[in-house]
Amino acid sequence: MAQIQTYPRKNTYDANDLILICDKTPDANGVVTNDTKTTTISTIADNLNVVETLNSLKGNLTISGSTGISVGASGSAISLTNTGVTSLVAGSNIDISGTTGAITISTSASNVDGSGTAGTIPKWSDSNTLTDSIIKDQGGVDVLIPRYIKHDGDTDNLFGFNDTGKFLVSVDSTAQDQLSVAANAIIMKTDSGTKVAAGPAGVTLYSDTSETATTTSVKRLETTTTGVIVYGQTVAAGAASERGGIVRYYNNANDRFVGISGPVTQGTNYQVRLPDSVGTAGQVLKLNNPLISGQTQDLVWGDASGGGGPY
């Protein structure tokens, strides 16, 4: 049977000793010589209740690295070195540095920067800087713009505000084809000028001067607080002659009409008023009083006087 004993025998408790392992009978002093056996630290640890530190162990201690890890030693210090384990890799405009176990991640000067105002939608002022745009968010309810919104790639078409309280839609670089809305006014234009103008006093309709003269608009009909005005026109290219304002009443098929025209030449201004009742057979409409310029004259039903024939 193997024995584990100290050697040499100690005279004092604190004296140094060795551990001797053998399976021979000791001499009279309890010592066996020249017949020792070797063993490992792990074998001793399995059979002894011993708690020790690495620095107190005698002999060699081997620690091996694995894939991407190397092991080194200096005195009582053991160092582990990363020789291939995947590490942090910096992306574009990112720097990674580290000392004494600390890792620092920072952005470079070429990364996104800039400043802005709360409630203002940002824009790129260059390739990596944000700043205020001219568009504002009014608390998530409305978007505020100072002027126009234009179609991308077609800057002639736009809509927006060209003044305080005035909205504009334009589809032409010369601002000829437009719809503008302002306080108490709506105006529609084409290449020849205004076609519709609406305001507190009424609505005015325009047309080109004639079928061939299409560069100028002239008034044709206007509503006022006192009634409707039908305008005439002078001779123009494509027009047969001067003419007074015309009102035509078409039939249901719109292929026949009955019209009333104003005078052609300049003369006395007058206005007549129809009677409030229907006349009898054979009666005609005639002035009740002599015509007075600039005043409204009443028409009355009366018997025809003078020669015969149809009226």
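Residues numbered from 1 in each chain as written. Predicted model: local features only at pLDDT ≥ 70, side-chain atom pairs only at ≥ 80, totals over all residues. Heavy atoms only, no water.

Visitor: Quick one: what's the story with the sheet that holds strand β24 (residues 296–303), residue by residue and with numbers?
Guide: Ordered by their spatial adjacency, three strands build an open sheet running β22-β24-β23, and the pairing between neighbours is mixed. Each having just a single partner strand, β22 (271–273) and β23 (283–287) make up the two edges of the open sheet. Across the sheet, the axes of successive neighbouring strands diverge by a mean angle of 40 degrees, strand direction being ignored. As judged from the five bridges shared by β23 and β24, these two strands associate in the antiparallel manner. Across the sheet, V284 pairs through a bridge with G302, a residue of β24. (Pairing = 2+ DSSP bridges. Helix = DSSP H or I, 4+ residues; strand = E, 2+ residues; numbered from the N terminus. Axes fitted to C-alpha atoms, helices over the stretch in contact; angles between N-to-C directions.)

Visitor: Residue-level account of the packing of aromatic side chains, with values.
Guide: With the rule as written, the count across this model stands at three aromatic pairs. Ring centres 6.4 Å apart and planes at 50 degrees place the aromatic pair F159 and F167 in the tilted group. Given a relative accessible area of 29%, F167 falls into the partly exposed group. Centre to centre, the rings of F161 and F167 are 5.3 Å apart; their planes meet at 70 degrees, and the pair counts as edge-to-face. The exposure class assigned to F161 is partly exposed, which follows from its relative accessible area of 36%. (Phe/Tyr/Trp six-rings, centres within 6.5 Å; stacked < 30°, edge-to-face > 60°. Buried < 20%, exposed > 50% of the residue type's maximum accessible area, 1.4 Å probe, protein only.)

Visitor: Break down the pattern of salt bridges for me, citing the residues and quoting the values.
Guide: The full count for this structure, using the stated rule, is three salt bridges. Its salt-bridge partner being K195, residue D208 comes within 3.1 Å of it at the nearest N-O pair. Of this pair, D208 sits in strand β17 (residues 202–208) while K195 is found in strand β16 (residues 193–199), placing the two residues 13 residues apart along the sequence. The shortest N-O distance in the salt bridge between E222 and K219 comes to 3.9 Å. A relative accessible area of 17% places E222 in the buried class. When its relative accessible area of 34% is taken as the criterion, K219 is described as partly exposed. (Salt bridge = Lys/Arg side-chain N within 4 Å of Asp/Glu carboxyl O.)

Visitor: Which residues make up the side chain of Q178, and what values do they have?
Guide: For Q178, the location among the structural elements is in strand β14 (residues 178–182). Aside from chain neighbours lying at most four places away, what touches Q178 is L168, V169, S170, I187, M188 and K189. (Contact = heavy atoms within 4.5 Å.)

Visitor: Residue-level account of the sheet that holds strand β19 (residues 228–230), with values.
Guide: Judged by pairing direction, the sheet is antiparallel, and its nine strands sit side by side in the order β11-β12-β13-β14-β15-β16-β17-β18-β19 without closing on themselves. Bordering the open sheet on either side are β11 (148–151) and β19, each of which pairs with just one other strand. Here the average twist between neighbouring strands, direction ignored, is 15 degrees. Bridge count for strand β15 (residues 185–190) against β16 is five bridges, and the pairing is antiparallel. For T190, the partnering residue across the bridge sits in β16 and is G193.

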